[in-house]
Amino acid sequence: MKALAKYAGIALSVGIVGCGGGDGGGGDTIDQTLLAQYRAAVPSETQIMASSPKAQSGAKVGDPAIYPVGSADIALGINGSVGYIIESLEFIVSIEPTVYNSDTKEFFWGPYMAQDGFGTIAAYIKDAGEGEEFRYHYAILRGKDNDVAGLVPVIWGGANPDPDTKEHGSGITLFDFEANHAFETANNPNGANMPMDRGRFVAVYGKDTTDTGDLTLVFAALRGFVSKDKPDAQPADLDYLYGRLDDGTNKVDFIDWKSAFDVHEDPAKTKPEDVGVRLAFVNEGQGRAEAQASGGDLTSGQVADAIECWDNALAQSYLSFKTSTNGMEDGAVSDGDLASCGLFQASLSELGVPALADVPAEYKAALDQLAKNGVPQD
């Protein structure tokens, strides 16, 4: 776990205190206070899931904005993976633990027979101690029988829960679709024919109170993902930064994602472009997006940029497109009045909105390696 130190700090720049442990129970009696501390290591939806703009009732409705809809699809896809992780963790650790090991300070659940799949399922939460980057480590594991030695982790993570505020804390969580696929293929006679998601999703997250309100930050990576619903699709990679600042009166959300896909409608142009979309919005309504595409079927050295603003009904109020080649502008078109953007007349950088570009390269590299290689072998 100490290998995670170099990117654990991306979750929040403010200090987060892990809750204390204890020797707890053991034997025939489970110390429920101690168990509650361990269970707090499981992340909540509000800590990890991204928000997206939503049309407010009573607002004027016009042409729908492009980028809020597209980015909402990205957020929904990631939230689907995150939601499954959280639901799986919360369900299994809600059961009374099978055993507590006072030597290793670990609660263990299972193995249980899988209700909707092959083999057995188990979980653990371990107090790794105050010297670790993450105070608590956890995992959901799969096995072909009740032999604990053969269990394989498919969900894994670490956390520093806040002892005073349930929704606060920091951590990392990984859903290893590849490990799940490999387990099914190796052990389930019907596994090779089952539709399964592929790839890996990993996120570093943090939530705490700052001078300007509650701040949530999530930095995530998806590598080699192929949905079980579209098994013939090309594997997708995605980098993603999401955040929310909530001062009790207003909520400001920001999303910045980068991936590669084909932006052309021309069937003769099929090479994927490198695409980045960055947006911010207030109270899940009015906002601004900045998008850029390069590579693929675009001319060598060409970059396409777009800016879009929308109102509380997600109706587009301003849109501009510009292309440049080797730094020289060679085309531009716009629709609407930039003044209609209000606060968002200024660029997101001018407004101080965090971006993926702000994430240090070493953090990106570390998360990339985890998303490519799966659970670290300590």
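Given the structure is predicted, the values throughout are model-derived calculations rather than measurements.

Colleague: Explanation requested: the state of the cysteines in the structure shown.
Modeller: Working definition of a disulfide: a covalent bond connecting the sulfur atoms of two cysteines. Within the structure shown, the criterion is met by one disulfide. Covalently, Cys309 is tied to Cys341 through a disulfide, its sulfur atoms 2.1 Å apart. Because the sign of the S-S torsion sets the handedness, a value of about 105 degrees for the bond joining Cys309 and Cys341 places this disulfide among the right-handed ones. In this pair, Cys309 sits in strand β13 (residues 302-310) while Cys341 sits in the loop between β15 (328-336) and α6 (361-373), placing the two residues 32 residues apart along the sequence. Using a relative accessible area of 1% as the deciding quantity, one classes Cys309 as buried.

Colleague: What is the right way to look at a nonpolar patch on the surface in this model?
Modeller: On the surface, Ile66, Phe321 and Val333 cluster together into a nonpolar patch covering about 260 Å² of accessible area. Along the chain, Ile66 falls in helix α4 (residues 66-94).

Colleague: Just checking my understanding: could you explain the nonpolar core for this structure?
Modeller: Nonpolar side chains in soluble globular proteins tend to be buried together. Residues Phe107, Trp109 and Ile125 are the most contacted members of the largest nonpolar core, which totals 48 residues. Here this core gets five residues from one element, more than from any other, and that element is α4.

Colleague: Explain helix α2 (residues 32-39) to me, please; I cannot follow it from the model alone.
Modeller: Because the α-helix completes a turn every 3.6 residues, residues three or four places apart line up on one side. What α2 keeps buried is the set Leu34, Leu35 and Tyr38. Down the axis of α2, the smallest arc covering the buried residues is 100 degrees, so these residues share one side. As for α2, its buried residues are in contact with β1 (99-101), β2 (106-113), β3 (120-127) and β4 (136-143).

Colleague: I keep staring at the packing of aromatic side chains and nothing clicks. Help me out?
Modeller: Think of a pair of aromatic rings as described by two things: how far the centres are apart, and how the planes are tilted against each other in angle. By the definition in use, this model includes eight aromatic pairs. For the pair Tyr100 and Phe107, a centre-to-centre distance of 4.5 Å together with 35 degrees between the ring planes defines the contact as tilted. Across this residue pair, the class does not change: Tyr100 and Phe107 are buried. A centroid spacing of 6.3 Å and a plane angle of 45 degrees characterise the contact between Phe107 and Trp109, whose relative ring orientation is tilted. The exposure classification of Phe107 matches that of Trp109, with both residues buried. Ring-pair connections join several aromatic residues into one group, and the members of that group are Tyr38, Tyr100, Phe107, Trp109 and Tyr136.

Colleague: What should I look at first to understand the environment of Val277 in this one?
Modeller: Tracing the backbone through its elements, the reader meets Val277 in strand β11 (residues 273-282). Sequence separation between Val277 and Pro68 is 209 residues; the distance between their C-alpha atoms is 9.9 Å. Discounting chain neighbours no more than four positions away, the residues touching Val277 are Tyr67, Ser71, Ile255, Asp256, Trp257, Glu290 and Ala291.

Colleague: Whenever I open this one, the pairing of strand β7 (residues 198-210) confuses me. Can you help?
Modeller: In regular strands, side chains alternate between the two faces of the sheet. β7 sits mainly inside the fold: 10 of its 13 residues count as buried. Here strand β6 (residues 169-176) pairs with β7 via eight bridges, running antiparallel. Bridging from a neighbouring strand, Gly169 pairs with Lys207 of β7. Pairing of β7 with strand β8 (residues 213-226), which is carried by 12 bridges, proceeds in the antiparallel orientation. Considered in β8, the bridge of Asp208 is made with Leu215. Where β7 folds back onto β8 in an antiparallel hairpin, the turn is made up of two residues.

Scoring rules and cut-offs
Residues numbered from 1 in each chain as written. Predicted model: local features only at pLDDT ≥ 70, side-chain atom pairs only at ≥ 80, totals over all residues. Heavy atoms only, no water. Disulfide = S-S within 2.5 Å. Helix = DSSP H or I, 4+ residues; strand = E, 2+ residues; numbered from the N terminus. Buried < 20%, exposed > 50% of the residue type's maximum accessible area, 1.4 Å probe, protein only. Patch = residues over 30% accessible without salt bridge, like charges linked within 9 Å, V, L, I, M, F, W, Y side chains within 5 Å. Areas by Shrake-Rupley, 256 points an atom, 1.4 Å probe, with all protein chains shown as cover. Salt bridge = Lys/Arg side-chain N within 4 Å of Asp/Glu carboxyl O. Core = buried A, V, L, I, M, F, W, Y, C linked by side-chain atoms within 4.5 Å. Arc of directions from axis to C-beta. Contact = heavy atoms within 4.5 Å. Phe/Tyr/Trp six-rings, centres within 6.5 Å; stacked < 30°, edge-to-face > 60°. Pairing = 2+ DSSP bridges.

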